[in-house]
Amino acid sequence: MQATLEHMTIWGLISDASLLVKAVMLTLLLASLLSWYLIIQRSTVLQRSERQFNGFLQRFRSSADLLPLYRETAQARAEDGGVLPVFHAGYQAFIQLNLPSGSPAVVLEGVERSLYVAISEQEIQLEKGLQFLATVGSVSPYIGLFGTVWGIMNAFLGLSQVQQASLSTVAPGIAEALIATAIGLFAAIPAVVAYNRLAARGQTLLTRYYAFGNELQARLHRKLHGASVNLATAA
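Residues numbered from 1 in each chain as written. Predicted model: local features only at pLDDT ≥ 70, side-chain atom pairs only at ≥ 80, totals over all residues. Heavy atoms only, no water.

An unreviewed UniProt entry lists the protein chain under the name Tol-Pal system protein TolQ, with Pseudomonas frederiksbergensis as the source organism. Under the UniProt heading Function (unreviewed entry), the entry covering the protein chain gives this text: "Part of the Tol-Pal system, which plays a role in outer membrane invagination during cell division and is important for maintaining outer membrane integrity." Here is the UniProt Subunit (unreviewed entry) comment for the protein chain, exactly as written: "The Tol-Pal system is composed of five core proteins: the inner membrane proteins TolA, TolQ and TolR, the periplasmic protein TolB and the outer membrane protein Pal. They form a network linking the inner and outer membranes and the peptidoglycan layer." (UniProt positions renumbered as here; feature names shortened; annotations may be inferred.)

Colleague: Before we move on, can you summarise the overall build of the protein chain with the specific residues and values?
Modeller: The number of helices and strands found in the protein chain is nine helices and zero strands. Along its sequence from the N terminus, the protein chain presents helices and strands in the succession α-α-α-α-α-α-α-α-α. Relative to its full complement of 235 residues, the protein chain shows a buried share of 37%. Counting only contacts in the protein chain whose residues sit at least 6 apart along the sequence, the fraction spanning at least 24 positions is 80%. Carbon and sulfur atoms form 64% of the exposed surface of the protein chain, whose accessible area is close to 13900 Å². (Helix = DSSP H or I, 4+ residues; strand = E, 2+ residues; numbered from the N terminus. Buried < 20%, exposed > 50% of the residue type's maximum accessible area, 1.4 Å probe, protein only. Contact = heavy atoms within 4.5 Å. Areas by Shrake-Rupley, 256 points an atom, 1.4 Å probe, with all protein chains shown as cover.)

Colleague: Which residues make up the confidence of the model for the protein chain, and what are the values?
Modeller: Model confidence for the protein chain is summarised by a mean pLDDT of 83, while 80% of its residues fall at 70 or above. Confidence drops under pLDDT 50 across residues 228-235; counting only partners more than four residues distant or on other chains, this segment forms one contact. (pLDDT = per-residue confidence, 0-100.)

Colleague: Explain the pattern of salt bridges to me, using residue names and the numbers behind them.
Modeller: Under the defined criterion, the tally for this structure stands at four salt bridges. Between Glu72 and Arg59 there is a salt bridge, and its shortest N-O distance comes to 2.5 Å. One end of the pair, Glu72, is in helix H4 (residues 66-72); the other, Arg59, is in helix H3 (residues 19-62), with 13 residues separating them in the sequence. Notably, a salt bridge pairs Glu215 with Arg61, separated by 3.0 Å at the nearest N-O pair. With Glu215 in helix H9 (residues 167-234) and Arg61 in helix H3, the pair connects residues that are 154 residues apart, well separated along the chain. (Salt bridge = Lys/Arg side-chain N within 4 Å of Asp/Glu carboxyl O.)

Colleague: Got a sec to walk through the nonpolar core? Specific residues and values, please.
Modeller: In this structure, Phe60, Phe87 and Phe212 are the most contacted members of the largest nonpolar core, which totals 39 residues. At the level of elements, H3, H4, helix H6 (83-97), helix H7 (104-126), helix H8 (130-159) and H9 are the ones that each hand at least two residues to this core. The dominant element in this core, judged by the number of residues it contributes, is H9, at eleven residues. When residues no more than four places from it in sequence are discounted, the contact partners of Phe87 are Phe56, Phe60, Leu66, Leu69, Tyr70, Thr73, Phe212 and Leu216. Judged by nonpolar contacts, the second largest core, of six residues, contains Val21, Met25, Leu28 and Ile179. (Core = buried A, V, L, I, M, F, W, Y, C linked by side-chain atoms within 4.5 Å.)

Colleague: Got a sec to walk through the UniProt feature "transmembrane region" (unreviewed entry) in the protein chain? Specific residues and values, please.
Modeller: Those places that UniProt annotates as "transmembrane region" (unreviewed entry) correspond, in this numbering, to residues 20-40, 132-153 and 173-195. With 100% helix and 0% strand, residues 20-40 has its two end C-alpha atoms placed 31 Å apart. In residues 132-153, the share of helix is 100% and the share of strand is 0%. The end C-alpha atoms are 31 Å apart.

Colleague: Got a sec to walk through H7? Specific residues and values, please.
Modeller: Taking 1.5 Å as the rise per residue, H7 with 23 residues should run 33 Å; its terminal C-alpha atoms sit 33 Å apart, in good agreement. All buried positions along H7 are accounted for by Val107, Leu108, Gly110, Val111, Leu115, Ala118, Ile119, Gln122 and Leu126. (Expected span 1.5 Å × (residues − 1).)

Colleague: Pulling in residues and values, what's your account of the packing of H6 against H7?
Modeller: For the pair H6 and H7, interaxial distance at closest approach is 8 Å and the crossing angle is 155°. As far as their axial angle goes, H7 and H6 are roughly antiparallel. Remark: the crossing between H6 and H7 carries right-handed chirality. Of the residues in H7, those in contact with Pro85, Val86, Ala89, Gly90, Ala93, Phe94 and Leu97 of H6 are Val106, Val107, Gly110, Val111, Ser114, Leu115, Ala118, Ile119 and Gln122. (Axes fitted to C-alpha atoms, helices over the stretch in contact; angles between N-to-C directions. Parallel < 35°, antiparallel > 145°, perpendicular 65-115°, else oblique. Left-handed = near helix turned anticlockwise from the far one by under 90°.)

Colleague: Outline the environment of Asn196, listing residues and values.
Modeller: Residue placement: Asn196 occurs in helix H9. Sequence separation between Asn196 and Leu130 is 66 residues, and the spatial gap between their C-alpha atoms is 9.1 Å.

Colleague: Describe the side chain of Thr148, naming the residues involved and giving the relevant values.
Modeller: By secondary structure assignment, the location of Thr148 is in helix H8. Here Thr148 is in contact with Ala177, Leu178, Ala180 and Thr181, once residues within four sequence places are set aside.

Colleague: Can you break down the packing of aromatic side chains residue by residue, with the values?
Modeller: Scanning the model with the defined rule gives 13 aromatic pairs in all. Each ring, one from Tyr70 and one from Tyr91, has its centre 5.4 Å from the other, and the planes form 40°; the classification is tilted. One end of the pair, Tyr70, is in helix H4; the other, Tyr91, is in helix H6, with 21 residues separating them in the sequence. Look at Tyr70 and you get buried, because its relative accessible area is 14%. An aromatic cluster of three or more residues is present, and its members are Phe53, Phe56, Phe60, Tyr70, Phe87, Tyr91, Phe94, Tyr209 and Phe212. Above the ring of Phe60, the side-chain terminus of Arg219 is found at 5.0 Å from the ring centroid. (Phe/Tyr/Trp six-rings, centres within 6.5 Å; stacked < 30°, edge-to-face > 60°. Lys NZ or Arg CZ within 6 Å of the ring centre and 35° of its normal.)

This is the structure in structure tokens:
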């Protein structure tokens, strides 16, 4: 009885579990650790992107001419990501297409296409790791349940081999089986909460990128038509 009580601890039950149940627990623990790494890493990336967007938007709106801003941020666009590649893609298309013989409609269409491609690339970056969190959140409880069912089955098979069955003989097997379910929930709940939170923040930031693209197009539209009016006046 004393030996049984000594093993009725979390670590004792895990060490006495069958090989398959231990494999299930180890898989769930690894999934949980990787989930927490992704949660911290993606939260840091989103926070940096949001801070960068807010700072850049102030500079963008306070700049009368966008060309100096384009040149200032040319070095940081590839390293930082975020809104800078969106701005550079749109303004670079504007510079390349804005020829004296070019049509303003063609220029704005090229800018719009470049902005769409750049924002789509940022959307891919924002969604990195979210698929894994969604998978862990949806699959982990079932993996834990599989370990529980297997452990309970082994407990009852062992119970059938003893002549006198009691709660003390079956309790350790059921308890170690339920630990697999607990670990599965421990891995799934943070992953689901983090997925919903990170996906919402990423979608909000993506919406702001599209709004910025529209604002950039509006400024370039005014610049093009202002230049057209000036050329017409000079003629």
